[in-house]
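Topology and contacts: notes
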Amino acid sequence: MFALESPILARLAADPALSGWAVRSSAAETSRRPLPAVEVRCEGADIADARNTAVAVGVAWGVHLVTQYSAAAMGELDAAFAAVVASLHNWAPGTQGGRAWQRLLLQQVQRETTDQGLVAYNLIFKTAARYDGQP
């Protein structure tokens, strides 16, 4: 499920609407700066269906938009929000890590608690793939 991180990051980094944003992984060794930033995180997974020989794993990917409070912050967040939705909602990542992944669907948007002076929103996208067990 973690094989999805690289194609998600690449897709967001290639979006010209996000050219002023630092696109990064939460797993990479990096400073929390520069801002504004788009940070991609695997938020966890649930089991959509389990059978004797296979399990469907539903994975939640968070795209965190972080910027500093300013007069322009909400406009910047709005433009980044629209770009992320346009890039990822209904996008099929194809086969990654040996699994065929379903299309990403936006499931939730929530405000994050951040350090003083920062404003952040989290967009949660969900996808699923089949994992085979032993017969």
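Relevant structure appears above.
This is a predicted model, so every value here is computed, not measured.

1. With respect to the pairing of strand β2 (residues 37-50)
- Pairing geometry for strand β1 (residues 22-25) and β2, over 4 bridges, is parallel. Bridge assignment links R24 to a residue of β2, and that residue is E39.
- Joining the antiparallel neighbours β2 and strand β3 (residues 54-68) is a turn of 3 residues.

2. Focus on helix α1 (residues 5-13)
- Burial in α1 covers these residues: E5, P7, I8, L9 and L12.
- The inward-facing, buried residues of α1 abut β1, β2, β3, α2 (73-88) and β4 (94-96).

3. As for the side chain of E5
- Locating E5 in the fold gives a position in helix α1.
- For the buried E5, no salt bridge exists, and the shortest N-O distance to an oppositely charged side chain is 8.8 Å, to R41.
- Leave out the neighbours within four places in its chain, and E5 touches S25, S26, A27, V40 and W61.

Parameters at a glance
Residues numbered from 1 in each chain as written. Predicted model: local features only at pLDDT ≥ 70, side-chain atom pairs only at ≥ 80, totals over all residues. Heavy atoms only, no water. Pairing = 2+ DSSP bridges. Helix = DSSP H or I, 4+ residues; strand = E, 2+ residues; numbered from the N terminus. Buried < 20%, exposed > 50% of the residue type's maximum accessible area, 1.4 Å probe, protein only. Contact = heavy atoms within 4.5 Å. Lys, Arg positive; Asp, Glu negative; His and termini not counted. Salt bridge = Lys/Arg side-chain N within 4 Å of Asp/Glu carboxyl O.

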